[in-house]
Amino acid sequence: MRGRLRGAGMGLLFGILLMSFAPRQAQANAQGRIRGIVTDATGARISGARVILRHAQRTVASALSDDMGEFILAGVPRGVYELAVHARGFAERRLPIRLSTPEEIHVQVTLEVERFIEELTVTGEGGFVDETARTIQSVSVILSDHLTMRAKAVLAQAVNEEVGVHLQRTSPTIAGVFIRGLGGDKVNIYVDGIRYSTSAMRSGIHTFLSLLDPTNVEAIEVLRGPRSADYGSDALGGSFQLLTWAPPLATTRPEWHGTWTTTVNTADWSTGSSLRTSLGARTFGLTLNLVGRRVNTLRPGRGVDSHSAVTRFLGLPSRVLYGPRLPDTGFTQYGGSTTFLWAPTSISSLRFHYQRAQQDGGKRFDQLLGGDGNLIADLRNLMLDFFYVRYDRQAFAALDHLALSYSFNAQREERVNQGGNGNPRAAIVHEYEKMRVHGLQARAEKLWRGHFLRLGGEAYHERMRAPAFALNPVTGGVTLRRPRVPDRARYEQWGVYVLDVFEPRRGSVKLIGGLRYSGARYRARTEDAPIVGGRPLWPSDALRVSNVSGRAGLLIPLGGRLSAAFHFSRGFRAPSMTDLGTLGLTGSGFEVSAREIAPLNGLVGSTADRTAVSTGQPVAPLKPELSQSYEIGLRYRQARLRGELTLFLNDITRLIAKQALILPPGAVGLSLGGEPIIAQTPNGTVFVAASSAPVLVRANFGDARFWGIEQMWTVELSERWSLDILHTHISAKDRRTGRPPNIEASLPAPDGWIRLRYMPLRRFWIEPYLHAAARQTRLSTLALEDRRTGAMRSRASIASFFRNGATVRGLVAPGPDGRFGTDDDFLIPTGETLTQVQNRVLGPGVESAPLYRAIPGYVVFNIRAGIRMGENHQLLIEAENLTDRNYRGITWGLDAPGRSLFLRYQYTF
């Protein structure tokens, strides 16, 4: 299929070039114009305001308001548009425009003094531009000012201060996004309408999300709730949409603009700079963004590492081994992106986008001193090459808009690990991975009698290169081994869909309905596996699935200020390459694939911890997950009060969960992907040296229910004061056991944000804000075992770290005979022997216990201020975590930054 996609991509490019020069049919009878007036809040007219009309991230028309504040945009084809108006000293205002007949539309645009709470437009309803208050399913929109203010180290930090969305940070370089309690492979990522996430994405994190730099993104749209009908598989929790900066087009003479930004953050003593510049002419536009950042060691709250290996296994504070800054938390990131737009006619354009990014020096701190105590856990040379070309045509035949595109996505990483809790003699495992994805996308839109119709389809072909080997540090010998997913594995996914948004007139009742037919196919061949010990490293495996997903919704105005929204969606998620092929060390522990366990007569355990007993359910090939989601929302808009309240329920059937593997007695000594089983409990759970947690297997383990409440309110207390209140509460349970489901994206605690903004002057504002989270006691057995959350330890794992990691790092001394490895070895800071340490940490007679049975609640106070110096200079100052509180979110691999100061200077030209 890859060759067919590549050939189709070349044919697509040739065809759209021909269409670009094709004679344009007379469209005068389908064109209209937009006439408007720009005023400030007092009604005074504003001259010189820039007015831009956009369609599909392309400038269709632009103008400047005249001395009377008036403007005209003529010759506009029928379609749904976004009108953006900006003037110096005012916040940009964006409005949806729908032109369905050859008419003249009159609009009045009121600009207000720069504020961070605006009426925003989104494209979350399948390309139908509308205000957030008019969307049927919940959407959070994060504009560039907010984005760069929040994302101090990685892009995922932009979701802070949003309802229904939570940040996940496995390591300094790797982060993810939870949407309504689901993350990783249950939230898909799109860039400019092109699928960015792949089937090799891990279950709890988005490894390559951080390679998308915040400075290259104009807006993020977080679509909360299942979106399989629009965006296919993996959207059971929601979809994370990124819109990059679009190249400008000039109406008269060429224009050149740019922004230079530099930042400093004392939390990790990071520094960075970016330069974004754009050039626009009548028929072409170009944007170029260059960025570089160095992040150094992080200081957490109170300078203490709450999940340090010495705390977890030895019961000592992290300061006995390292100071207030966490070692192995620095990294370097750099890259750039460029977008070229060519508009040969007023109704057609060709857009080329390319992005290159790289991270160097990253490490999995949670596998080092931040959790397991290992000596090596490198993330080497994370690289991204992302490219697409898209052809847009308005007024094509009977269609109002046609878009065709081809994409290429290459994501590369190399993970180097040495397990054994710091055993210097353990094998050093190298796992190289490079995923290449070719994609084709097409969509067509039509406005007809109050209907916005969209037809579309997409197809992606993925191929993995994943050679792996193990180095013996004692002998220097190299052995081929089973990679995380099979080398040369292939994954194909595709879908066709139809969407209809019906709104008889502006501001009236609104209905939405959509259907999608999706499919996926996976294949791994034993012929591609190296032969080790006379046997291939993996068996052949294959899967082919398809299903129908859909959604329906209704928005009802209840007077001029209040509206109610009702939405139902049916989701579908095909098992991914990671689900089907994973064997090796992951964020939750050591996992094995169902296909490779079949010969061992493996069974699914009742939990994900060492107490698991057999459920009697055989380990079997995975089936797709399905969901049914219901959402009810109220939106209120008034001059001084606006907000929304949303209730949701999401039932997932055949949930793919991680459970303990149960093997028949006598499993010790058997090999799992090159890792020998070193221990087995009487219940049948097994262990390997690479992880202190039991071996896990993925299974369709029953059904799960997620439900919750989201609310956000803005109160304009006066002309200078405003107050924002946000609150999220999410609950979940396995419907078989009543306990939280064993998925890696564990359940976030109920939390909220409060912001109080004071703007005494147009050029200055100040904003104290706080974030509060409740104590989270509902932890799954998977979370309790996870080194990042509960940090389970046993007598065996304490002994392993005592004999290895603690000894290598100089915390253990030999007994009177001067030889290590005897019962007389003692812990230098306390003088205790191993048995005494085990009894103190766990308690006499206790075999195992987690370090934490709950995630502590917290309240964090912060304050920030913005200063505009002239027309071109801006300075942001933020003091974060004023009380130096030590805390972390769910499944974080490191604690949050402590008391720190963040500075950002921006120069615009």
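Above this note sits the structure.
What counts, and at which threshold
Residues numbered from 1 in each chain as written. Predicted model: local features only at pLDDT ≥ 70, side-chain atom pairs only at ≥ 80, totals over all residues. Heavy atoms only, no water. Salt bridge = Lys/Arg side-chain N within 4 Å of Asp/Glu carboxyl O. Helix = DSSP H or I, 4+ residues; strand = E, 2+ residues; numbered from the N terminus. Buried < 20%, exposed > 50% of the residue type's maximum accessible area, 1.4 Å probe, protein only. Phe/Tyr/Trp six-rings, centres within 6.5 Å; stacked < 30°, edge-to-face > 60°. Lys NZ or Arg CZ within 6 Å of the ring centre and 35° of its normal. Pairing = 2+ DSSP bridges. Axes fitted to C-alpha atoms, helices over the stretch in contact; angles between N-to-C directions. Polar contact = N/O pair within 3.5 Å; in protein donor to acceptor, adjacent residues only side chain to side chain. Core = buried A, V, L, I, M, F, W, Y, C linked by side-chain atoms within 4.5 Å. Contact = heavy atoms within 4.5 Å. Arc of directions from axis to C-beta. Parallel < 35°, antiparallel > 145°, perpendicular 65-115°, else oblique. Left-handed = near helix turned anticlockwise from the far one by under 90°. Nonpolar A, V, L, I, M, F, W, Y, C, P; charged D, E, K, R; others polar. Patch = residues over 30% accessible without salt bridge, like charges linked within 9 Å, V, L, I, M, F, W, Y side chains within 5 Å. Areas by Shrake-Rupley, 256 points an atom, 1.4 Å probe, with all protein chains shown as cover.

## A closer look at the pattern of salt bridges
Within this structure, the stated rule accounts for 76 salt bridges. Notably, a salt bridge pairs Arg888 with Asp305, separated by 4.0 Å at the nearest N-O pair. Of this pair, Arg888 sits in the loop between β56 (873-880) and β57 (900-908) while Asp305 sits in the loop between β19 (284-295) and α4 (309-314), and the two are 583 residues apart along the sequence. Per residue, the accessibility class of Arg888 equals that of Asp305, and both read buried. For the salt bridge of Arg482 with Glu596, the shortest nitrogen-to-oxygen distance reads 2.5 Å. Here Arg482, found in the loop between β28 (478-480) and β29 (490-502), pairs with Glu596, found in helix α6 (residues 594-597); they are 114 residues apart in sequence, far enough to count as distant.

## Description of the packing of aromatic side chains
Per the counting criterion, the structure on display carries 15 aromatic pairs. Their ring planes at 65° and their centres at 5.4 Å tell us that Trp494 and Tyr517 sit as a pair that is edge-to-face. Separated by 23 residues along the polypeptide, Trp494 in strand β29 and Tyr517 in strand β30 (residues 510-524) bring together distant segments of the chain. Residue classification places Trp494 among the partly exposed residues on the basis of a relative accessible area of 35%. Taking the relative accessible area as the measure of exposure, Tyr517 reaches 36% and is therefore partly exposed. In textbook terms, an aromatic cluster arises when at least three aromatic residues are bridged by ring pairs, as seen for Tyr196, Phe386 and Tyr388. Over the face of the ring belonging to Phe701 we find Arg736, whose NZ or CZ atom lies 4.3 Å from the ring centre.

## Looking at the sheet that holds strand β5 (residues 79-86)
Spatial ordering of the open sheet is given by β3-β2-β5-β6, a layout of four strands whose pairing is antiparallel. Sheet topology places β3 (58-64) and β6 (93-99) at the edges, where each strand pairs with a single neighbour. Within the sheet, the average angular offset between the axes of one strand and its neighbour, ignoring direction, is 25°. Bridge count for strand β2 (residues 50-55) against β5 is five bridges, and the pairing is antiparallel. From the neighbouring strand, Arg50 faces β5, where its bridge partner is His86.

## Re the sheet that holds strand β7 (residues 104-111)
In spatial order, the strands read β4-β1-β7; together these three strands make up an open sheet with mixed pairing. This sheet does not close on itself; its edge strands, each paired only once, are β4 (70-77) and β7. Looking at each pair of strands side by side, their axes are set apart by 25° on average, direction ignored. By the bridge criterion, six bridges tie strand β1 (residues 31-40) to β4 in an arrangement that is antiparallel. Pairing of Gln31 across the sheet is with Pro77, part of β4.

## A look at helix α8 (residues 795-803)
Among the nine residues in α8, seven count as buried, and that is most of the element. Looking at α8, one finds that the buried residues are Arg795, Ser797, Ile798, Ala799, Ser800, Phe801 and Phe802.

## A few points about the side chain of Glu433
Here Glu433 lies in strand β25 (residues 428-448). Polar contacts involving the side chain of Glu433 include one to the side chain of Arg484, which spans 2.7 Å.

## Here we look at the nonpolar core
Proteins that are soluble and globular tend to have nonpolar side chains buried together. With 70 residues, the main nonpolar core has Tyr196, Ile220, Phe240, Leu242 and Met577 as its most contacted residues. Apart from the residues lying within four places of it in its own chain, the contact partners of Ile220 are Ser140, Val141, Ile142, Leu147, Leu155, Ala158, Phe240, Gln241 and Leu242. Ile34, Val60, Ala61 and Val85 belong to the second-largest nonpolar core, a separate cluster that totals 24 residues.

## Concerning the environment of Leu562
Take Leu562: it is sitting in strand β34 (residues 562-573). Residues Leu562 and Leu634, 72 residues apart in the sequence, show an inter-C-alpha distance of 7.2 Å. The contact partners of Leu562, leaving out residues within four places of it in the chain, are Ile556, Pro557, Arg635 and Tyr636.

## Quick word on helix α10 (residues 834-842)
Among all positions of α10, only Leu834, Val837, Gln838, Val841 and Leu842 are buried. Around the axis of α10, the buried residues are gathered within 105° of arc, so they sit on the same side. Those residues of α10 that are buried lie in contact with α4, β50 (792-794), α8, β52 (826-827), β53 (832-833) and β54 (848-850). Positive backbone phi, approximately 105°, marks Gly843, located one or two places after α10.

## Considerations on the packing of α8 against α10
Relative to each other, α8 and α10 sit at 130°, their axes nearing to 10 Å. With respect to α10, the axis of α8 lies oblique. Regarding α8 and α10, the two cross each other, and that crossing is right-handed. Contacts between α8 and α10 involve Arg795, Ile798, Ala799, Phe802 and Arg803 on the former and, on the latter, Leu834, Val837, Gln838, Asn839, Val841 and Leu842. The residue makeup of the contact of α8 with α10, split by class, is seven nonpolar, two polar and two charged.

## Thoughts on the environment of Val80
Along the chain, the position of Val80 falls in strand β5. Separated by 42 residues in sequence, Val80 and Val122 have C-alpha atoms that sit 12 Å apart. Setting aside residues no more than four positions away along its own chain, Val80 makes contact with His55, Ile97, Arg98, Phe128, Val129, Leu447 and Phe452.

## Topic: unusual backbone geometry
One non-glycine residue, Ala56, lies in positive phi territory at about 55°. As for its position among the elements, Ala56 is in the loop between β2 and β3. Here Ala56 falls in the partly exposed class, since its relative accessible area comes to 25%. The phi angle at Asn381 is positive, at roughly 50°, despite the residue not being glycine. As for its placement among the helices and strands, Asn381 is situated in strand β23 (residues 376-396). The exposure class assigned to Asn381 is partly exposed, which follows from its relative accessible area of 29%.

## Section: a nonpolar patch on the surface
A contiguous nonpolar patch, built from Val264, Trp269, Ile867, Met869, Ile877, Leu901 and Leu903 and spanning about 540 Å² of accessible area, is present on the exposed surface. For the nonpolar patch, the elements supplying multiple residues, two or more each, are β55 (858-869) and β57. When you line up the elements, Ile867 lands in strand β55. Overall, the relative accessible area of 31% leaves Ile867 in the partly exposed class.

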